[in-house]
Amino acid sequence: MNALSFKDVCKKALLSAIAVTVAVALPWLCHLLGGQLGLGSGLGEMLLPMHLPVIMAGMMGGPVVGLVCGVVSPLVSFALTGMPMPAMLPFMMVELAAYGLTAGL
């Protein structure tokens, strides 16, 4: 297995940070917009906006980046916004980690 250069590690770390940021902000915006349109949380539930940045991170950064983003995104989102609900948090972590890993492969 090839050792990654410092430049590659920095690129993957930056990609991960951007993906996690978008994965936290996008659902929040969808829920906010859904509330303004009278849809409640239906817009976020329909579009699943947290999944898209995690899948993109896996495709662009590889399986490890996708896996890490899939695990970290729901945790950061819960810590900052309270979403997803605590009962759904472990399931979303596993689901998003699987999506990110699979997209990276």
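Structure's up top.
Undergrad: Kindly report on the packing of helix α4 (residues 63–81) against helix α5 (residues 89–104), identifying the contributing residues and their values.
TA: In the contact formed by α4 and α5, the axes pass within 7 Å of each other and the chain directions differ by 155°. In terms of orientation, α4 and α5 fall into the roughly antiparallel class. Pair α4 / α5 crosses with right-handed handedness. Together, P63, G66, L67, G70, V71, P74, L75 and F78 of α4 and L89, M92, M93, L96, A97, G100, L101 and G104 of α5 make up the contact between the two elements. Per-class residue counts for the contact of α4 with α5 are 12 nonpolar, four polar and no charged.

Undergrad: An account of the nonpolar core is requested, with residue identities and associated values reported.
TA: One finds L15, A19, V20, V24, A57, V65 and C69 forming the largest nonpolar core, which totals seven residues. No other element matches helix α1 (residues 6–36), which puts four residues into this core. Apart from the residues lying within four places of it in its own chain, the contact partners of A57 are L15, A19, G62, V65, G66 and C69. The next biggest cluster of nonpolar side chains, apart from the first, holds five residues, and it includes A23, M50, M92 and L96.

Undergrad: I'd love a proper account of the environment of P74, names of residues and values included.
TA: Along the chain, the position of P74 falls in helix α4. In the structure, P74 is positioned 17 residues away from F91 in sequence and 9.7 Å away in space, judged by C-alpha atoms. Residues contacting P74, with those up to four places away along its chain left out, are M50, C69, M83, P84, L89, M92, M93 and L96.

Undergrad: How would you sum up the side chain of S73? Please name residues and give values.
TA: Tracing the chain through its elements places S73 in helix α4. Using a relative accessible area of 0% as the deciding quantity, one classes S73 as buried. The residues touching S73, leaving out its near neighbours within four places in the chain, are V20, A23, V24, M50 and V54.

Thresholds, definitions, all that
- Position numbers for residues start from 1 in each chain and track the written sequence from start to end.
- Side-chain atom pairs in this predicted model are given and counted only at pLDDT of 80 or more, local residue features only at pLDDT of at least 70, and totals for whole chains, interfaces and linings cover all residues.
- Working from all heavy atoms in the structure, the side-chain values ignore hydrogens and water.
- Interaxial angles span 0 to 180 degrees and are taken between N-to-C directions of axes, which are lines fitted to C-alpha atoms, for helices over the stretch in contact.
- Helix and strand assignments come from DSSP, with helices taken as H or I runs of at least 4 residues and strands as E runs of at least 2, each series counted from the N terminus.
- For this classification, under 35 degrees means roughly parallel, over 145 means roughly antiparallel, 65 to 115 means roughly perpendicular, and everything else is oblique.
- In a left-handed crossing the near helix is turned counterclockwise from the far helix by less than a right angle, and in a right-handed crossing that turn is clockwise.
- Contacts are residue-level and defined by heavy atoms, with any inter-residue pair within 4.5 Å sufficient.
- Amino acid classes used here: Ala, Val, Leu, Ile, Met, Phe, Trp, Tyr, Cys and Pro are nonpolar; Asp, Glu, Lys and Arg are charged; the rest, including Gly, are polar.
- Among the buried residues, those of types Ala, Val, Leu, Ile, Met, Phe, Trp, Tyr and Cys that are joined through side-chain atoms within 4.5 Å form a nonpolar core.
- Burial classes: relative accessible area under 20% of the type maximum marks a residue as buried, over 50% as exposed, and values in between as partly exposed (1.4 Å probe, protein chains only).

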